[in-house]
Every structure is written in structure tokens, then in C-alpha cells.
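# Topology and contacts: notes
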Amino acid sequence: MLTKYYYPKTLIILAIAAFAFGCGNQAVEEANKLVDEGNSFIIKNGEIATKTGNLFDELVGDNVTKVEDFVEYKQTNKAKFDELISLAGQLEKNSQDAAAKFDAASKLDTSAKVKEYNGLKAQELKKRAEAQKMMQTFVKGFVAETDVEKMDAAIGDYNTKSAAIVKEANDIAAKGEKLMKDNPSDFKSN
């Protein structure tokens, strides 16, 4: 079975960086604006991810092992496969856009911990975009492949690679969460 695609809730519950000293600082205000913009892309992904995960599971999850005629299966579900590819593309773009916002915020004159957090968030989102791009590539390849053994091998390869990238993203996210938890005076939730 393929790894279920999901967008972790921890990405949606983000504190907006604020600083105990330096309130009113133009760089801090700009960082907060960028983080807000980045969060809006993350929230969009949260809305898209459930639909993407469900569709992915429906098309290439456990049910695929019961398919007898893959050519017919793919033709019958062409619109769904196209939708899945499109949704994965939206997830990738939103992750890239969010990563760019956090990356820009990490370069502003804010506290070292906030810069570090925003940099970690950018890295995490870039990894998630990589996983989403991999999903698109996998689904396109799955649809194009006619050899059942090659499809099966592609599923295993995708599962392994996707799980590794998602683990990397989750590990980076955990570092960011720990940084926030260990330095509450540098962060506040707005």
C-alpha cells in the first residue's frame, strides 16, 4: 500500500513571530507580514491536502491490488488521476510560495531564534514541496505505465522515497517546534 499523503496539522498551527524587545521595529513588522503570508499558503494546503490524500488512497491505495484490467482502470479514472496531479501541483506551488515567504523573513533583522525558526520553516516547506512534486511525477508515471510489475516496483520505490522526504520534513518541523518551545519569549501567538 502507498504511504498516505497528508499535510501535518502542525504546519497550520504556526505562531507568528513577535519579539519582546524591538516591538515597532520595521524589520519585525515586515517579518510578521511575511510569516502571515506564508501561513496563508499553509492554510490553503491544509484545505487541499485532505482531498488529495483521499483521492490518492482511492486511486493507488489498497484498492489498486484488486484491479484486473489496469488500462481500463486508468481510462475510467482519467479525470480523477488528472485532478490528483493538479491537486499535488497546487500543494507543491503553495509549499514553494510559503517557503519563499519564510526564507525572506529569516533574512530580516530580527532575533537570532526567530531567524533560525523561519529558516527551518522554509527548509521544511521546501522538503514538502519536493514530496508533492514526487507525488505528481509518480502519478503521471503510474498512469503511463502498462507493465504491472513495473507499476508495482514504482509503488514500492515511491513509498520508500516519499516516506524518507516526509520524515526529513517532519524532523525539520520538530526542530522548529522545539526552538519555539524552548524560547517562548522570542515568540508569541497573534
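Here's a quick rundown of the structure. (Residues numbered from 1 in each chain as written. Predicted model: local features only at pLDDT ≥ 70, side-chain atom pairs only at ≥ 80, totals over all residues. Heavy atoms only, no water.)

## Quick look at the overall build of the protein chain
Filter applied, for reference: Comment: elements are numbered from the N terminus, with helices defined as DSSP H or I runs of at least four residues and strands as E runs of at least two. Accessibility here uses a 1.4 Å probe with only protein chains present; expressed as a share of the type maximum, an area under 20% marks a residue as buried, one over 50% as exposed, and anything in between as partly exposed. Here, Shrake-Rupley sampling with a 1.4 Å probe gives the accessible areas, and only protein chains in the shown set may cover a residue.
In terms of regular secondary structure, the protein chain is built from five helices and zero strands. Mapped in sequence order, the helices and strands of the protein chain form the string α-α-α-α-α. Classification of the 190 residues of the protein chain by burial places 47% in the buried group. Looking at the protein chain as shown, the accessible area adds up to about 9900 Å², and 54% of this sits on carbon and sulfur atoms.

## Things to note about empty space enclosed by the protein
Counted only if it meets this: Grid points spaced at 1 Å over the protein atoms alone were grouped into cavities, where a 1.4 Å probe fits but cannot get out, and pockets, open sets with protein on both sides within 12 Å along at least five of seven lines, with lining residues defined by an atom within 4 Å of a point. Grid points are joined across faces, edges and corners, and a volume is the space filled by probe spheres set on the points. Side-chain classes are defined by residue name, with Ala, Val, Leu, Ile, Met, Phe, Trp, Tyr, Cys and Pro counting as nonpolar, Asp, Glu, Lys and Arg as charged, and the others, Gly among them, as polar.
Inspection of every chain in the model, using the stated rule, returns two cavities of 30 Å³ or more. By volume, the second largest cavity is sized at about 40 Å³. Along the walls of the second largest cavity sit Tyr 117, Leu 120, Lys 121, Glu 124, Ile 172, Ala 173, Gly 176 and Glu 177, which together make up its complete lining. If you list the elements that add at least two residues to the lining of the second largest cavity, you get helix H4 (112–144) and helix H5 (148–182). The residue inventory of the lining of the second largest cavity, partitioned by class, reads four nonpolar, one polar and three charged.

## Things to note about the packing of helix H1 (residues 26–60) against H4
Condition: Lines fitted to C-alpha atoms define the axes here, with helix axes fitted over just the stretch in contact, and angles between the N-to-C directions of these axes take values from 0 to 180 degrees. The cut-offs work like this: below 35 degrees is roughly parallel, past 145 is roughly antiparallel, 65 to 115 is roughly perpendicular, and the gaps in between are oblique. When the near helix sits turned anticlockwise from the far one by under a right angle, the crossing is termed left-handed; a clockwise turn instead gives a right-handed crossing. Note on contacts: a residue pair is in contact if any heavy atoms of the two residues lie within 4.5 Å.
Running from amino to carboxyl end, H1 crosses H4 at an angle of 30°, the nearest separation of the two axes being 12 Å. In terms of axis orientation, H1 runs roughly parallel to H4. Crossing hand, H1 versus H4: left-handed. Residues Val 35, Ile 42, Asn 45, Thr 52, Phe 56 and Val 60 of H1 touch H4, and the partners they reach there are Asn 118, Leu 125, Gln 132, Met 135, Phe 138, Val 139 and Phe 142. Residue classes in the contact of H1 with H4 are distributed as nine nonpolar, four polar and no charged.

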